[in-house]
2 protein chains.
Amino acid sequence: MALIVQKFGGTSVGTVERIENVADRIGLFRKHGDDIVVVVSAMSGETNRLVKLAHSIDEKPEAREYDVLLSTGEQVTIALLSMALNKRGIKARSYTGTQVHILTDSTHNKARILSIEEKKMRTDLNEGRVIVVAGFQGVDEFGNITTLGRGGSDTTAVALAAALKADECQIYTDVDGVYTTDPRVVPEARRLDKITFEEMLEMASLGSKVLQIRAVEFAGKYNVPLRVLSSFDEPSFDDGDDAANGTLITYEEDEMEQALISGIAFNRDEAKLTILGVPDKPGVAYSILGPVGDSNVEIDMIIQNISADGTTDFTFTVHRNDFTQAKEVLRQVADELGAREVVGDDKIVKISLVGVGMRSHAGIASKMFKTLAEEGININMISTSEIKISVVVDEKYLELGVRTLHSAFGLEQN
Amino acid sequence: MALIVQKFGGTSVGTVERIENVADRIGLFRKHGDDIVVVVSAMSGETNRLVKLAHSIDEKPEAREYDVLLSTGEQVTIALLSMALNKRGIKARSYTGTQVHILTDSTHNKARILSIEEKKMRTDLNEGRVIVVAGFQGVDEFGNITTLGRGGSDTTAVALAAALKADECQIYTDVDGVYTTDPRVVPEARRLDKITFEEMLEMASLGSKVLQIRAVEFAGKYNVPLRVLSSFDEPSFDDGDDAANGTLITYEEDEMEQALISGIAFNRDEAKLTILGVPDKPGVAYSILGPVGDSNVEIDMIIQNISADGTTDFTFTVHRNDFTQAKEVLRQVADELGAREVVGDDKIVKISLVGVGMRSHAGIASKMFKTLAEEGININMISTSEIKISVVVDEKYLELGVRTLHSAFGLEQN
């Protein structure tokens, strides 16, 4: 008997039939004696339909009203799932973000959760009810509806699990866990039974789209045991490394021995920009990145080369969609700073080795570079952190690079 | 310069283009200097889509969750209309029933409004904002979402007008006012410039589907000047009996002289049931109607014939959809009471003359009966109130009856 928060994404509740399946699954957990809080997304396609409606009125719809609109998507799902549960004799009650008082700041379209009122939910749980909460949405201190941004339902689930001190937060997706890399690129990719929060954070931020990065941060901060699993497998009530148990995201301290490398993440959506011959003086990084950030372009990797002849070269990567806009801004900055030139490339990808084990082991980086060199893959940029090494290469080398590294580090073996 | 509450139904906001039209219309009123509170329904088709979703899960979906589901329809419209207004530089802010705190009782699916918090709205109006409120929905004292039942958006508009002491509540529809009868039945039917609340109440309850009956009651109770007009006509800022001014629903006291008859209402959806040979003793009416009411069947006309030989006959009418169910209940009642027989007819209609003037004029009833008799129309049941006379006739006589009465009482003349 445990208190479990379960999150089902848009695909898992995409049709009435799938909503019925989710209700059946919850029924099995109730029979097993567990208390269940469910978080659901909008039915797949619904958010896009609403976005299209908004954009047919205004290309840049007012942020507050956009949230009022989008939040209806999840509201439909909570009502339908609660109906399906009640029909099965499973007592259930739905709550919008406003009703369960998921208090956020007032940053519409990407609000942050500040607190959650648990009293109402505790009463419902004590009375034997399943609680069905709309993901992705909250309410600010003035009563305005806010949304957490795309994928925010994961964050809602983790925040609820933290507030209720749940035994586990289960994120149901269409894959059965976290893999050493994308199986579509490397068929030998292996499902991980466990991965640390820090590794998961790096995997998520690098484009393994299983979990939303903010959700992982949140789970780490509040020590919420998080599990990624498939909504298509029968639930398993046994412990062990059954596929039905997906991947458990744990704290590093739990494990005595860590694999050197847990997985290989990659990101196809990168583009790089370089500003050449910038006069090298204090504050130059801010003069360059400030205007880019102000234009709402998110910057990923940043590299500044050692200064020679009083000028420096400055390179960073952005999302491929933002390439043109960022280049525009950078040209203006170059003029203002008296820089020589702006060059860019939107045909690049990033490949990253991730693993907490690499902290205490030298030689991972050099093995990585050697492996790539042997395949004739030229490295454009390198960036490292304590538990990851990322390289930027030409996009045509993505599959070859990932496959070669996967094999060189023996990731297909358990 | 006035404070006007405007309500637009599902057809008037049925597409993005129509929502843009509504925004343009509001812009004209703003230019004229009026403060505007708008109430909108769900886009036409949307409520049916949601109802279908619910019924594909459960034929009798849980009432609380049904309201959570249906209320999203209006929420979509308020967001889209507010976006359209803001795009035009008209400051606007949307509110759900919960946000503007339209407090109702807890009767899900047909809740009643108890109070409305006007403070927030007053602040917005003072700051020059158009307020866009979701019709049809409210919130109970526990924070549960409630709905007022179909057509409840009219009631929302009137309740807001009452709370804000608005100068006028305008109900926009696809017709340009209230007619002496349905123009599809009598082409000579004439639009009324004014009608009293009491007459409107009778017209509405008898099937003139222009306004929701509860909205009219509400308007009468709180002295809210109510106007029915077309969302397809250009707005008129002149007084007078311009068609663009629709029909104003007034208090009787305003007019020195009343027309004898204002209009003819009819209802095609009636069915009648008779229980014959009921032992006549105190409480018999309740023993019969109690069980029918308990099965959620609404009863319209009731007639009990004078008792002879210690038994009585008891006849009432119900909505045609409830005929089978009501007959079932009545059969059981008949057994319990030792009544002789239950008979029924679901091929009947009701025709009613409505007019406050008939109070002080005898002879209206006899003229009505004579007119029908001359056309060979047999009257099944008669029921009268201070300002209306209703007859039940075979459904095949509906058009003939209405046309003949319209002409006999000179309703086509102004």
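Just so it is clear, the structure is predicted and the values come from calculations on it, not from any experiment.

## Concerning the overall build of chain A
Tallying secondary structure elements over chain A gives 11 helices and 20 strands in all. Computed over C-alpha atoms, the radius of gyration of chain A comes to 23 Å, within 12% of the 22 Å expected from 2.2 N^0.38 for 414 residues, which places it in the range of a compact globule. Seen through its C-alpha atoms, chain A measures out along the principal axes to roughly 75 × 50 × 35 Å. Counting only residues that meet the buried cut, chain A has 49% of its 414 residues in that class. Sequence-distant contacts, at least 24 apart, represent 74% of the contacts inside chain A between residues at least 6 apart.

## Focus: helix α5 (residues 152-164) of chain B
Residue and element names in this part refer to chain B. With 13 residues, α5 should cover 18 Å at 1.5 Å per step; its first-to-last C-alpha distance of 18 Å lies within 8% of that length. Of all 13 residues making up α5, 13 are buried, and the element is well covered by its neighbours. K165, located one to two residues past α5, shows a positive phi value of around 50 degrees.

## Some words on the interface of chain B and chain A
Frequently, the measure chosen for interface size is the accessible area that the parts lose on association. In this complex, chain B contributes 26 residues to the contact, which on the side of chain A involves 27 residues. When residues of the side of chain B that touches chain A are traced back to their parent elements, those giving at least two are α2 (46-57) and α3 (63-87) of chain B. Considering each element in turn, the side of chain B that touches chain A owes the most residues, 14 residues, to α3 of chain B. Its residues placed into classes, the side of chain B that touches chain A shows 13 nonpolar, 9 polar and 4 charged.

## Points about the environment of I19 of chain B
Residue and element names in this part refer to chain B. In this structure, I19 sits in helix α1 (residues 16-31). For I19, a count of 24 C-beta atoms within 10 Å corresponds to the buried category. Along the primary structure I19 and T312 are separated by 293 residues, whereas in three dimensions their C-alpha atoms are 57 Å apart. Ignoring anything within four residues of it in the chain, the contact list for I19 reads V13, L80, L81 and A84.

## Some details on the packing of α2 of chain B against α3 of chain B
Residues and elements named next belong to chain B. Direction vectors running N to C along α2 and α3 enclose 155 degrees, while the axes themselves pass 9 Å from each other. Here α2 is positioned roughly antiparallel relative to α3, judged by the angle of their axes. α3 is crossed by α2, and the crossing has right-handed handedness. Only Y66, L69, L70, T72, G73 and V76 of α3 make contact with α2, whose side of the interface consists of E46, T47, L50 and A54. Of the residues that constitute the contact of α2 with α3, the class distribution is 6 nonpolar, 3 polar and 1 charged.

## Focus on the packing of helix α5 (residues 152-164) of chain A against helix α7 (residues 213-221) of chain A
Residues and elements named next belong to chain A. Contact pair α5 / α7: the axes reach a minimum separation of 8 Å and the direction vectors enclose 15 degrees. Here α5 is positioned roughly parallel relative to α7, judged by the angle of their axes. The two elements α5 and α7 cross, and the hand of that crossing is left-handed. On α7, the residues touching D154, T155, V158, A159 and A162 of α5 are R214, A215, F218 and A219.

## Points about the sheet that holds strand β17 (residues 341-345) of chain B
Residues and elements named next belong to chain B. Reading across from one edge, β15-β16-β14-β17 is the order of the 4 strands in this open sheet, with antiparallel pairing throughout. At either margin of the open sheet sits one strand with a lone partner, and together these are β15 (299-304) and β17. The mean angle between the axes of side-by-side strands here comes to 15 degrees, regardless of whether they run parallel or antiparallel. Two elements, β15 and strand β16 (residues 311-319), share 4 bridges in a ladder whose sense is antiparallel. Across the sheet, residue I302 finds its bridge partner in β16, namely F316.

## Observations concerning the relation of the copies chain B and chain A
Taken as rigid bodies, chain B and chain A are interconverted by a rotation of 180 degrees and an axial shift of 0.1 Å, the fit giving an RMSD of 0.1 Å. In short, the pair behaves as if placed about a two-fold rotation axis. Identified as the residue of chain B closest to the rotation axis by C-alpha distance is T72 of chain B, at 2.7 Å.

## Considering the nonpolar core
Of all hydrophobic cores here, the largest spans 240 residues; its most connected members are V38 and L81 of chain A together with V38 and L81 of chain B. Filtering out sequence-adjacent residues up to four positions away, L81 of chain A remains in contact with V13, I19, V22, A23, V38, V40 and V132 of chain A.

## Quick word on the sheet that holds strand β13 (residues 263-267) of chain A
Residue and element names in this part refer to chain A. Reading across from one edge, β13-β18-β20-β19 is the order of the 4 strands in this open sheet, with antiparallel pairing throughout. Each edge of the open sheet carries a strand with a single partner, namely β13 and β19 (379-385). The mean angle between the axes of side-by-side strands here comes to 20 degrees, regardless of whether they run parallel or antiparallel. Across 6 bridges, the pairing between β19 and strand β20 (residues 388-394) is antiparallel.

## Some remarks on the environment of A373 of chain A
For A373 of chain A, the position within the fold is in helix α10 (residues 364-374). Sequence separation between A373 of chain A and S287 of chain A is 86 residues, and the spatial gap between their C-alpha atoms is 36 Å.

## Remarks on the confidence of the model for chain A
Per-residue pLDDT for chain A has a mean of 89; in total, 94% of the residues score no lower than 70. The complex model carries a pTM of 0.79, and its ipTM stands at 0.78.

## Looking at unusual backbone geometry
Residues and elements named next belong to chain A. The backbone of F136 sits at a positive phi, close to 75 degrees, despite the residue not being glycine. The exposure class assigned to F136 is buried, which follows from the 29 C-beta atoms found within 10 Å. Here the phi dihedral of N296 falls at roughly 65 degrees; this positive angle occurs in a residue that is not glycine. If you trace the backbone, N296 turns up in the loop between α8 (284-294) and β15 (299-304). Judged by the 8 C-beta atoms lying within 10 Å of it, N296 falls in the exposed class.

Analysis parameters
Residues numbered from 1 in each chain as written. Chains lettered and ligands numbered in written order. Predicted model: local features only at pLDDT ≥ 70, side-chain atom pairs only at ≥ 80, totals over all residues. Helix = DSSP H or I, 4+ residues; strand = E, 2+ residues; numbered from the N terminus. Rg over C-alpha atoms; globule rule 2.2 N^0.38 Å. Buried ≥ 20, exposed ≤ 12 C-beta atoms within 10 Å, placed from the backbone. Contact = placed C-beta atoms within 7 Å. Expected span 1.5 Å × (residues − 1). Nonpolar A, V, L, I, M, F, W, Y, C, P; charged D, E, K, R; others polar. Axes fitted to C-alpha atoms, helices over the stretch in contact; angles between N-to-C directions. Parallel < 35°, antiparallel > 145°, perpendicular 65-115°, else oblique. Left-handed = near helix turned anticlockwise from the far one by under 90°. Pairing = 2+ DSSP bridges. Least-squares fit on C-alpha atoms with pLDDT ≥ 70 in both. Core = buried A, V, L, I, M, F, W, Y, C linked by C-beta atoms within 7 Å. pLDDT = per-residue confidence, 0-100.

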